[in-house]
Amino acid sequence: MDQAPPPTGETDEQRDIRLNKDVAAFSYIWIMSVVIFASRRDSKFVQYHSKQGIILFLLSVITYLIPWVGKFLALLVVAGMLLGFINAAQGRYADVPIVGELSRGKLNVWDLVRMVGNSLRRLFDTFKNALRRSPTPPATPPPPASPPPRSVSPDVAPPPPAPPGV
């Protein structure tokens, strides 16, 4: 396989990205992240993306163990894999949201659990407040008013009685 000659004035980092961006992109394909992480120790670019791929791989395994909600979470993990794949294929050092911080150690699992817990608590409080503010239904309606008495005028004859059996 012939490679294009390197551009003049290319830094080592640019060369690393140019030569390894395809491998880095493949590190987002499920278990390949572990294999690529172990085999490409010399490339900072591949290591950066394969660490994120490993986190996404572990998250995908966890989401398969969670009934119902796990299906939605699995979609988020797949979206993260696609985002990472595209970033790596384009030769960019770009974080997958939340996963990038986890892979670099800036965010740990307990911080993530706290973030999710706080978000769920805010969501619950919002629903609780919305239910409190909803108007209360009126009490039982008052009985209907009795019709006003009919005035009987002396010139009008009363209606004839209904025939029996009707």
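What counts, and at which threshold
- Residues numbered from 1 in each chain as written.
- Predicted model: local features only at pLDDT ≥ 70, side-chain atom pairs only at ≥ 80, totals over all residues.
- Heavy atoms only, no water.
- Helix = DSSP H or I, 4+ residues; strand = E, 2+ residues; numbered from the N terminus.
- Expected span 1.5 Å × (residues − 1).
- Polar contact = N/O pair within 3.5 Å; in protein donor to acceptor, adjacent residues only side chain to side chain.
- 1 Å grid on protein atoms, 1.4 Å probe; cavity = no way out; pocket = protein on both sides within 12 Å on 5 of 7 lines; lining within 4 Å.
- Points joined across faces, edges and corners; volume = space filled by probe spheres on them.
- Axes fitted to C-alpha atoms, helices over the stretch in contact; angles between N-to-C directions.
- Parallel < 35°, antiparallel > 145°, perpendicular 65-115°, else oblique.
- Left-handed = near helix turned anticlockwise from the far one by under 90°.
- Contact = heavy atoms within 4.5 Å.
- Salt bridge = Lys/Arg side-chain N within 4 Å of Asp/Glu carboxyl O.
- Buried < 20%, exposed > 50% of the residue type's maximum accessible area, 1.4 Å probe, protein only.
- Core = buried A, V, L, I, M, F, W, Y, C linked by side-chain atoms within 4.5 Å.

**Side note on helix H6 (residues 109–133)**
Piece 1. Counted at 1.5 Å a residue, the expected span for H6 with its 25 residues is 36 Å, and the 36 Å between its end C-alpha atoms agrees.
Piece 2. A side-chain oxygen of the first residue of H6 lies 3.1 Å from the backbone nitrogen of Trp110; this N-cap is Asn108.

**Focus: the layout of surface pockets**
Piece 1. Put simply, the largest pocket is a space of about 760 Å³.
Piece 2. As for the largest pocket, its lining consists of 25 residues, and the residues nearest its centre are Leu59, Leu73, Val77, Ile98 and Leu112.
Piece 3. Elements that contribute at least two residues to the lining of the largest pocket include exactly helix H3 (44–64), helix H4 (69–89), helix H5 (99–104) and H6.
Piece 4. Take the lining of the largest pocket: its biggest share by element is eight residues, from H4.

**Thoughts on the packing of helix H1 (residues 12–26) against H3**
Piece 1. Between H1 and H3, whose axes approach to 8 Å, the crossing angle comes to 30°. On the basis of the axis angle, H1 is roughly parallel to H3. When the axes of H1 and H3 are compared, the crossing they make is right-handed. Along the contact surface, H1 presents Asp16, Ile17, Asn20, Lys21, Val23 and Ala24, while H3 presents Lys44, Phe45, Val46 and His49.

**With respect to the pattern of salt bridges**
As a working rule, side chains carrying opposite charge can pair if their charged atoms are close by.
Piece 1. Inspection of the entire model under this criterion finds four salt bridges.
Piece 2. Salt-bridge contacts for Arg104 lead to Asp95; the nearest nitrogen and oxygen are separated by 2.5 Å.
Piece 3. A salt bridge links Asp111 to Arg114, with the nearest nitrogen and oxygen atoms 2.9 Å apart. With a gap of three residues between them, Asp111 and Arg114 both fall in helix H6, about one helical turn apart.

**Some points on the packing of H1 against H4**
Piece 1. In the contact formed by H1 and H4, the axes pass within 7 Å of each other and the chain directions differ by 175°. The angle between the axes of H1 and H4 places the two elements in the roughly antiparallel class. Only Phe85, Ala88 and Ala89 of H4 make contact with H1, whose side of the interface consists of Lys21, Ala24, Ala25 and Phe26.

**Re the side chain of Thr63**
Piece 1. Considering the arrangement of structural elements, one finds Thr63 in helix H3.
Piece 2. On the basis of relative accessibility, which here comes to 7%, the residue Thr63 falls in the buried class.
Piece 3. Separated by 2.8 Å, the side chain of Thr63 and the backbone oxygen of Ser60 make a polar contact.
Piece 4. Not counting residues up to four positions away in its chain, the partners in contact with Thr63 are Gly70, Leu73, Ala74 and Val77.

**Describing unusual backbone geometry**
Piece 1. Within the chain, Trp30 stands out as a residue other than glycine whose phi angle is a positive 30°.
Piece 2. With respect to the helices and strands, Trp30 occurs in the loop between H1 and helix H2 (32–39).

**Here we look at the nonpolar core**
If you look at soluble globular proteins, the nonpolar side chains tend to sit buried side by side.
Piece 1. In terms of nonpolar packing, the biggest core is built from 13 residues, with Ala24, Tyr28, Leu56 and Ala88 touching the most fellow members.
Piece 2. Among residues more than four places away in sequence, those in contact with Leu56 are Tyr28, Val77, Gly80, Met81 and Val99.

**Let's talk about the side chain of Ser33**
Piece 1. Along the chain, Ser33 turns up in helix H2.
Piece 2. Polar side-chain contacts of Ser33 include one of 3.5 Å to the backbone oxygen of Gly53.
Piece 3. With residues near it in sequence (within four places) discarded, Ser33 still touches Ser27, Ser50, Gly53, Ile54 and Phe57.

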